[in-house]
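Residues per chain are reported as follows:
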Amino acid sequence: MIVFSANSRRMLWWICILLCIAECTANGHSAATVQQITHGPKNHFFGYVGHGGTIPWDASGRYIVGLRTNFHDRMPKPDDSAEIVLIDTRNRFRVEVVDRTQAWNQQQGTMLFWIPGAAGSRFLFNDKDPETGVVFSVLYDMKERRRIREFRFGNESIANGGVSPVRDEFAGINYGKITRSREVISYPGAYDHTADEKPANPDSDGLFRIDIKTGERHLLVSYAKLADLILNTEKNRARLGDPDKYPIYVHHTMWSRDGQWIFFLVRGKQNKRPDQSCVIHRDGTGLTKVPYAGHPEWSEKNELILGSKKPEHAGAFNLWDIATSKWSGTIGGKGVFPDTIDDNALSPDAKWYVGSQKRGNECFYTFYHFADGHSVVSPPIPTKAGGGTVRIDPAPRWNRTSDTILVPGLADDGTRQLFLVRLR
């Protein structure tokens, strides 16, 4: 029997790894590597999933915008602030604090988005007035290192739910209404001007489109109209009661890649929710209910990419054509994606699709290459097991060159940190 020393075993392990990478490269395929880029004692994260082209990197690819906090094991209190940070990828991932916000949570962060017309210097985030609790959005200029505009609408907590990938406009939603309804995506202490209104779903509030250049807003669909569309059925009346007394809310707004359509979810109080998906055109026309299964994404052809709950479709995502309201195809196949219900995202160049799967306290990412159907599974990234208000969602976010994703995880010291998963 041959006995190898510790150093020899280590050397053999690295040889095996290199041979695997060489074989993949020789076959025209990729492997995935993982690098932790932030470190404790403070926690670093981005928040929102990379759907609809949500990219944490600026236009140059040098800076990643994110959040830094003192804790990750509880929801923030109304006066807890998170630091807005820029991470310099060309200077050993140096972290610089540039601002602070009181409108954030562990799942969605503060809705950080680079602006399409100025992705090299300007980004949006949400904040909360400490005196009134009113939530608003902030336009920050990285070059000037200051806020250059705040989008405030009186006492209404209307703020960014998602930025168009092609126009300088964002979807505005009432975070006060959300905070009253669901803790995990709430901004604690947020004021809701509709709290005492009758009916519970007024025609003056709902989903807005807000112009970043002018600050003007346009109501695309009201809560009154959504209540008529979704709650006013025999089944929902039996479960929820009078639609005029049961508040619903809009969240998870996601623009199509051409900026013409907005996907959004309509839900209600915690688990007593209609859980209905809808799409609407950016001009307020074409409101339509669509199927919902897991976390959706947009394809390049204005199809919704939806997870599958059917055993015969296991391993594949389903495509829903919003123009025809019919299923139009699949992505992947049997055994490709272990979990199509969890977070997923299409690369900016539309050549790769990434899905995620949690197994206990580890998370894996599956990359699917459209051209040849080849798939790559990442090494495991340590994470929190289970769900709850302080869970760590897989939330993959692509970079602008479609070869790396930014993901969250737990470091060896127990802090929440950011990791890069690179295709090579």
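Look up a bit, the structure's there.
Values in this document were obtained by computation on a predicted structure and should not be read as measured data.

J.: Residue-level account of the layout of surface pockets, with values.
T.: Over the atoms, a rolled probe matching the size of one water molecule traces out where space is still vacant. Roughly 440 Å³ of volume is contained in the largest pocket. Forming the boundary of the largest pocket are 23 residues, of which Gln107, His295, Asp343, Arg391 and Asp393 lie nearest the centre. Residues that form the lining of the largest pocket fall into these classes: 7 nonpolar, 7 polar and 9 charged. Roughly 320 Å³ of internal volume is contained in the second largest pocket. Lining of the second largest pocket is provided by 15 residues; of these, Gly52, Gly53, Ile55, Pro165 and Arg400 occupy positions nearest its centre. Residue classes in the lining of the second largest pocket are distributed as 9 nonpolar, 4 polar and 2 charged.

J.: I'd like to hear about the environment of Arg100, residue by residue, with values.
T.: Along the polypeptide, Arg100 turns up in strand β5 (residues 94-101). Along the sequence, Arg100 and Met111 sit 11 residues apart, while their C-alpha atoms lie 13 Å from each other. Aside from chain neighbours lying at most four places away, what touches Arg100 is Ala82, Glu83, Ile84, Phe125, Asp127 and Arg147. Of note is the side chain of Arg100, whose polar atom sits 3.3 Å from the side chain of Glu83.

J.: Lay out the pattern of salt bridges in plain terms, naming residues and giving numbers.
T.: Should the charged atoms of two oppositely charged side chains come close, the side chains can pair. The full count for this structure, using the stated rule, is 19 salt bridges. Each of Asp99, Asp127, Asp129, Arg147, Glu150 and Arg152 takes part in salt bridges that share partners, so that together they form one network.

J.: Residue-level account of the packing of aromatic side chains, with values.
T.: Taken as a whole and assessed by the stated rule, the structure comprises 15 aromatic pairs. Between Phe337 and Tyr353 the ring centres are 6.2 Å apart and the planes differ by 90°, which places this aromatic pair in the edge-to-face class. Placement of Phe337 in the loop between β21 (326-332) and β22 (344-346) and of Tyr353 in strand β23 (residues 352-359) is noted, with a sequence separation of 16 residues between them. Classification of Tyr353 by relative accessible area gives buried; the value is 0%. Linked through ring pairs, Phe317, Phe337, Tyr353, Tyr368 and Phe370 together constitute an aromatic cluster. Across the ring face of Phe364, the terminal group of Arg359 is positioned such that the distance to the ring centre comes to 4.1 Å.

J.: Go over the sheet that holds strand β27 (residues 397-398) with me, naming the residues and quoting the values.
T.: The strand order across the open sheet built from 4 strands is β1-β29-β28-β27, with neighbouring strands paired in antiparallel fashion. Each of the sheet's edge strands pairs with one partner strand only, and the pair in question is β1 (32-36) and β27. With 2 bridges connecting them, β27 and strand β28 (residues 404-410) associate as antiparallel partners. Across the sheet, Arg397 pairs through a bridge with Leu406, a residue of β28.

J.: Talk me through helix α3 (residues 223-231); I want residue IDs and the actual numbers.
T.: Taken residue by residue, α3 has Tyr223, Leu226, Ala227, Ile230 and Leu231 as its buried positions. Viewed along the axis of α3, the buried residues span an arc of 105°, placing them on a single side of the element.

J.: Kindly report on the sheet that holds strand β19 (residues 303-306), identifying the contributing residues and their values.
T.: Note on sheets: strands pair through backbone hydrogen bonds, and any given pair is parallel or antiparallel. Taken in spatial order, the 4 strands line up as β18-β19-β20-β21 in an open sheet, and their pairing is antiparallel. The sheet is open, and its two borders are formed by β18 (297-298) and β21, each paired with just one other strand. For strand β20 (residues 316-321) and β21, the ladder comprises 6 bridges, and the chain directions are antiparallel. Counterpart to Asp321 in the pairing with β21 is Lys326.

J.: Tell me about the side chain of Glu83, residues and numbers included.
T.: Assignment of secondary structure puts Glu83 in strand β4 (residues 82-88). There is a polar contact of 3.5 Å between the side chain of Glu83 and the side chain of Lys42. Side chain to side chain, Glu83 and Arg68 meet in a polar contact 2.7 Å long. Sequence-distant contacts of Glu83, defined by excluding residues within four places in its chain, comprise Lys42, Gly66, Leu67, Arg68, Val97, Asp99 and Arg100.

J.: Pulling in residues and values, what's your account of the pairing of β28?
T.: Among the 7 residues that make up β28, 7 are buried, leaving the element largely enclosed by the rest of the structure. Here β28 shows a buried face lined by Thr404, Leu406, Pro408 and Leu410 and a second buried face lined by Ile405, Val407 and Gly409. Pairing analysis gives 7 bridges linking β28 to strand β29 (residues 416-423), with the strands arranged antiparallel. Note that in β29 the partner of Pro408 across the bridge is Leu418. Counted between consecutive antiparallel strands, the loop separating β28 from β29 contains 5 residues, among which Gly414 sits at a positive phi close to 85°.

J.: Could you give me a rundown of unusual backbone geometry, with the residues and numbers involved?
T.: With an omega of 15°, the peptide bond running from Gly40 to Pro41 counts as cis. Even without a glycine there, the phi angle at Met111 is positive, about 60°. The topology assignment puts Met111 in the loop between β5 and β6 (113-114). Owing to a relative accessible area of 1%, Met111 belongs among the buried residues under this scheme. The phi torsion at Asp275 lies on the positive side, around 50°, for a residue other than glycine. Along the chain, the position of Asp275 falls in the loop between β15 (261-267) and β16 (276-281).

The rules behind each value
- Residues numbered from 1 in each chain as written.
- Predicted model: local features only at pLDDT ≥ 70, side-chain atom pairs only at ≥ 80, totals over all residues.
- Heavy atoms only, no water.
- 1 Å grid on protein atoms, 1.4 Å probe; cavity = no way out; pocket = protein on both sides within 12 Å on 5 of 7 lines; lining within 4 Å.
- Points joined across faces, edges and corners; volume = space filled by probe spheres on them.
- Nonpolar A, V, L, I, M, F, W, Y, C, P; charged D, E, K, R; others polar.
- Helix = DSSP H or I, 4+ residues; strand = E, 2+ residues; numbered from the N terminus.
- Contact = heavy atoms within 4.5 Å.
- Polar contact = N/O pair within 3.5 Å; in protein donor to acceptor, adjacent residues only side chain to side chain.
- Salt bridge = Lys/Arg side-chain N within 4 Å of Asp/Glu carboxyl O.
- Phe/Tyr/Trp six-rings, centres within 6.5 Å; stacked < 30°, edge-to-face > 60°.
- Buried < 20%, exposed > 50% of the residue type's maximum accessible area, 1.4 Å probe, protein only.
- Lys NZ or Arg CZ within 6 Å of the ring centre and 35° of its normal.
- Pairing = 2+ DSSP bridges.
- Arc of directions from axis to C-beta.

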